[in-house]
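In case you want the letters, here they are:
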Amino acid sequence: MPLSHDLWPEGLLTRPGRDADAACVVLLHGLGASMEDLAGVADLADPEGRFRWIFPNAPVRPVRINGGRPMRAWYDVYGFDIHSAEDAEGLQDMARRLGALLDHEAGKGSSIILGGFSQGGAMALYTVLHAGYASKAVFALSAYLPLRAHLAAATAKSPPIFWAHGQQDAVLPLSYMEIAQQMMKALGYKVSAHSYPMDHTLCEDELLDLRTFLHSLAGPQEAVSSQ
């Protein structure tokens, strides 16, 4: 997974697909993590290499919930309570930056699938559902829906959504997904929601379900040689 310094100054990891025109999955890490933390997801959710994968680093910024100390974050976080104020300006600015990166990749002829874990999943949902980036699909792993009260109704172009969450998640409780799922379905979004006996992490069954979701987007493919 070579590092690129050109498209994203904070750093990118990439994993090529088996085809040059493969759809591109952009996967955003969680708060305080880094691009390396989710790199293994590509091999588990897409062992056949049907997709290109890109893992960007979030910028380093002061984070209020971290006492103002700097850490990698897609936007500032004021609190984890469901009623906490949110960094609307930071979300908007980062969605604009991510949109430029995604447009660059789409310019290669690839469709884009945007996903993330925890804060990265929230950023992915915001970029597609609030900021209106035209992705083929979006997936959120142990995440929440930012600025949910401002979510507009789905349109004919709204992409399918895969959402996975831990039943014992003490950081972002399962109810965050359940409340958002009910709201989004009422607004016409297509949400495939899954829960697993885990805390704020990833598990094998979750990634197998993600693999099924991604492959449904890829369509019929020729069998991959075992050699």
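Treat the numbers as computed from the prediction; the structure is a model and nothing was measured.

Colleague: How would you sum up the pattern of salt bridges? Please name residues and give values.
Modeller: One pass over the full model with this rule turns up 7 salt bridges. Measuring nitrogen to oxygen at the nearest pair gives 2.8 Å for the salt bridge that ties Glu105 to Arg52. Of the two residues, Glu105 is situated in helix H2 (residues 88-106) and Arg52 in strand S4 (residues 52-56); the sequence distance between them amounts to 53 residues. There is no split in this pair, since Glu105 and Arg52 are both buried. For Arg96, the salt bridge goes to Asp93, with nearest N and O atoms at 3.1 Å. In this pair, Arg96 and Asp93 both sit in helix H2, 3 residues apart, roughly one turn of the helix. By relative accessible area, Asp93 is classed as partly exposed at 35%.

Colleague: Give a detailed account of the pairing of strand S9 (residues 161-166), specifying residues and quantitative values.
Modeller: Most of S9 sits out of view: 6 of its 6 residues are buried. Neither face of S9 is open: one carries Ile161, Trp163 and His165, the other Phe162, Ala164 and Gly166, and all of them are buried. Alignment of strand S8 (residues 137-141) against S9, held across 4 bridges, turns out to be parallel. Note on S9: the bridge partner recorded for Val138 is Ile161. With 6 bridges connecting them, S9 and strand S10 (residues 191-196) associate as parallel partners. Considered in S10, the bridge of His165 is made with Ser195. Considered for its hand, the β-α-β crossover made up of S9, helix H4 (residues 174-186) and S10 is right-handed.

The rules we used
- Residues numbered from 1 in each chain as written.
- Predicted model: local features only at pLDDT ≥ 70, side-chain atom pairs only at ≥ 80, totals over all residues.
- Heavy atoms only, no water.
- Salt bridge = Lys/Arg side-chain N within 4 Å of Asp/Glu carboxyl O.
- Helix = DSSP H or I, 4+ residues; strand = E, 2+ residues; numbered from the N terminus.
- Buried < 20%, exposed > 50% of the residue type's maximum accessible area, 1.4 Å probe, protein only.
- Pairing = 2+ DSSP bridges.
- Right-handed = clockwise from strand over helix to strand, strands pointing away.

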